[in-house]
Amino acid sequence: MVAKNFENLVNELLKSNSPKKWFRAYFNHGLINYIYGQPRLLPCDMSFDTFFIDPYGDVMPCNGTKDKEVMGNLNRQTWDELWSSPEAEVVRKKVRHCDRNCWMIGSVSPAMHKYIKVPAMWVAKHKLKSLLGMKYSMFENPICCEYRDGKVTKEQLDKLSTCDMNAVVNNGLSADSKEALKGKRGEDIVNADVANQGYEKTVKETDRDIEIK
């Protein structure tokens, strides 16, 4: 059902006159592939040329690892020290052996730019098909065809699903991040950050409204 909705979205995006939306169609094609637990359509180079930084200085390859992987912390290290540190190399080795096959825009967008030939060829082929009145189908994914043709059972398909029924819930914060949060409210953190930037600040006591003068 979910894959069918993504299929419809892909076809709507391909009808657009915007090249950006055509490439979004490719991204959604990859989401169908991900839903069925198939290998990524493009390599993952997170921690090599792209990374995430949390509000407390932890530098991570991404936010999709099973456990939080920290390459270093910018509150304790310079960027050059962190990027070339043994901890960063350990994380990179883990990324190279990661089996999660994530397909999130934060990691896919840089991969699409780096390996542009693959999505560009897909876009050219499917935009032409769209102009000729043909539609994209989820059955371009081999696992969908195998299920349709009875080569894969519903139970086997469910086992391939990216839904992790045994996931452990945690807040995703490292020990350093937790320490930085002790005894502080969100308003305190915002005020301190704004003050460090040299602005006069006024934080309203609501969840949504932050007014900075």
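For the structure itself, look to the data block above.
The structure displayed is predicted, hence computed values, not measured ones. (Residues numbered from 1 in each chain as written. Predicted model: local features only at pLDDT ≥ 70, side-chain atom pairs only at ≥ 80, totals over all residues. Heavy atoms only, no water.)

**Q** Explain the nonpolar core to me, and be specific about the residues and the numbers.
**A** Core analysis: the largest hydrophobic core is formed by 24 residues, its most contacted members being Tyr26, Tyr36, Trp103 and Trp122. Those elements that place two or more of their residues in this core are helix H1 (2–15), helix H2 (19–35), helix H5 (105–114), helix H6 (117–131) and helix H7 (142–148). At 6 residues, the largest contribution of residues to this core is made by H2. Discounting chain neighbours no more than four positions away, the residues touching tyrosine 26 are Leu41, Leu42, Trp103, Met112, Val118, Pro119, Trp122 and Val123. Within the second largest apolar cluster, 6 residues are counted, among which are Met71, Leu82, Val91 and Val95. (Core = buried A, V, L, I, M, F, W, Y, C linked by side-chain atoms within 4.5 Å. Buried < 20%, exposed > 50% of the residue type's maximum accessible area, 1.4 Å probe, protein only. Helix = DSSP H or I, 4+ residues; strand = E, 2+ residues; numbered from the N terminus. Contact = heavy atoms within 4.5 Å.)

**Q** Break down the packing of H2 against H6 for me, citing the residues and quoting the values.
**A** Taken N-terminus to C-terminus, the directions of H2 and H6 make an angle of 105 degrees; their axes are 9 Å apart at the nearest point. Here H6 runs roughly perpendicular to H2, going by the angle between their axes. Mapping the contact onto sequence places Trp22, Phe23, Ala25, Tyr26 and His29 in H2 and Val118, Pro119, Ala120, Trp122, Val123 and Lys127 in H6. Partitioning the contact of H2 with H6 into residue classes produces 9 nonpolar, 1 polar and 1 charged. (Axes fitted to C-alpha atoms, helices over the stretch in contact; angles between N-to-C directions. Parallel < 35°, antiparallel > 145°, perpendicular 65-115°, else oblique. Nonpolar A, V, L, I, M, F, W, Y, C, P; charged D, E, K, R; others polar.)

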